[in-house]
Amino acid sequence: MAKTILVSSEGKYGIEAGVEVLRGGAARLDVIEAAIRPVEIAPECRSVGLGGWPNLTGAAELDASIMDGRTLHSGSVGALSGFRHPISVARQVMERLPHVLLVGAGAARFATEIGAEPGPTDDQAAAVALARQGWETWLTAHVPAEVRADWPDVPLIEWARQSADPETAHGTTIALVKDAAGEIGCGVSTCGWAYKYPGRLGDSPIIGAGVYADSRYGAAGCTGMGELTIRTGTARAVVLYMKMGLSVEAACREALADLRAAERRFKGGVTIHAIDAAGQPCVLSVGRFTDTVRWYFWTEGMPAFEERQTLVAGW
Ligand code: ASP
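What you see as residue numbers is a count from 1 along each chain, following the sequence as written. Two thresholds apply to this predicted model, a pLDDT of at least 70 for residue-level local features and 80 or more for giving and counting side-chain atom pairs, whereas whole-chain, interface and lining totals are computed over all residues. For side-chain calculations, the full set of non-hydrogen atoms in the structure is used, while hydrogens and water are omitted.

Examining the pattern of salt bridges
Any carboxyl oxygen of Asp or Glu that lies within 4 Å of a side-chain nitrogen of Lys or Arg is treated as forming a salt bridge with it. The tally for this structure, following the rule as stated, stands at 16 salt bridges. Measuring nitrogen to oxygen at the nearest pair gives 3.0 Å for the salt bridge that ties Glu95 to Arg91. Here the residue Glu95 and the residue Arg91 both occupy positions in helix H3 (residues 86–96), the gap between them amounting to four residues, near one helical turn. Here the term buried applies to any residue with accessible area under 20% of the maximum for its type, exposed to any over 50%, and partly exposed to those in between, with areas from a 1.4 Å probe on protein chains only. What makes Glu95 partly exposed here is its relative accessible area of 43%. Residue classification places Arg91 among the buried residues on the basis of a relative accessible area of 11%. Here Arg253 and Glu249 are joined by a salt bridge, their closest N and O atoms 2.9 Å apart. Here Glu249 and Arg253 lie together in helix H10 (residues 248–261), a separation of four residues that amounts to about one turn. Classification of Arg253 as partly exposed rests on a relative accessible area of 35%. Secondary structure elements are taken from DSSP: a helix is a run of H or I of four residues or more, a strand is a run of E of two residues or more, and numbering for both begins at the N terminus.

Rendered as structure tokens:
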């Protein structure tokens with residue numbers, strides 16, 4: 001059973017730590033946490049953690065989830081504010097509650113109860129300041145001064161329609177892992193769509209949309225326009241297509257055909273990341289930014305992890 005790890009573009013800040021613990025024999029969920037936690041606090045990472053893009057009101061609301069492909073147990077947090085490592089809180093939801101998904105105030109309450117590290121901490125201050133600056137610049141450019149005077153106590157619907165992502169701001173960290181026992185897991189973490197409406201959840205905390213793992217067939221995780229992958233259940237679809245006998249690449253392309261069938265309101269894209277039960281990878285992008293999408297991969301036998309370029313498809 002070859003140990004394997006695949007991470008998305010943003011995962012470059014955590015792949016080294018992930019490979020190290022995987023090489024050392026750690027189990028899938030530990031490897032996922034090890035690979036995602038550094039991304040959540042990487043000062044250079046603009047789309048994950050408390051230094052990521054805030055919502056329309058300037059508050060960071062983070063989404064994360066984790067799924068164990070052996071048991072199909074999973075845990076998620078949505079719109080979580082004030083904590084340094086959403087991926088670890090998501091894992092604890094899975095392990096300590098009879099629930100799968102906690103959001104907002106309830107998620108924060110739970111994080112406090114389990115003693116999760118609050119944030120932002122000093123090492124995140126520069127990233128938070130940068131994110132704040134970006135938000136203020138966006139606000140000044142898009143919202144007239146007389147409306148800004150009362151911000152955020154104004155109707156926000158109109159402004160959500162003009163918010164940045166998926167036109168310009170995007171990204172999620174994903175880790176797909178096959179461990180020494182041959183079991184597979186998937187974890188994701190993101191700040192979601194920049195300047196989103198407060199309370200908006202993307203696909204990252206939705207099991208089956210942005211994340212899915214089943215050790216018998218494989219795992220998948222999505223970045224990009226979460227509104228679209230929620231509607232077509234993309235991550236679950238990829239795994240199901242593999243169950244039906246398709247190769248990992250054919251399964252990604254079939255899930256892409258499902259995405260194409262859905263009417264789109266934005267020009268944004270989607271990247272599907274997947275491994276099959278043997279750990280064979282495929283990363284397939286559609287829409288904008290496809291030329292910048294990279295992914296990182298290591299499997300036993302490779303001396304070091306490699307940066308690879310996504311397969312590109314058109315809408
Ligand atoms: N999928 C994420 C979301 O919709 C964002 C992204 O990966 O670009 O929240």
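We are not done yet, so read on.
A word on the sheet that holds strand S3 (residues 74–80)
Note on pairing: DSSP must find at least two bridges between two strands before they are called paired. The strand order across the open sheet built from eight strands is S4-S3-S2-S6-S5-S1-S11-S12, with neighbouring strands paired in mixed fashion. The open sheet terminates on both sides in strands that have one partner only, identified here as strand S4 (101–103) and strand S12 (306–309). Here the average twist between neighbouring strands, direction ignored, is 15°. Sheet analysis places strand S5 (residues 173–178) next to strand S6 (residues 184–190), joined by six bridges and oriented antiparallel. In the strand pairing of S6, Val177 is matched with Gly185. Where H3 meets the sheet, its contacts fall on strand S2 (62–68), S3, S4 and S6, and the angle it forms with S3 comes to roughly 130°. Sitting on the sheet, helix H4 (residues 104–113) is in contact with S3 and S4, with an inclination near 105° to S4. Axes here mean lines fitted to C-alpha atoms, for a helix over just the part in contact, with angles spanning 0 to 180 degrees between N-to-C directions. Residues are treated as being in contact if the distance between any of their heavy atoms lies within 4.5 Å.

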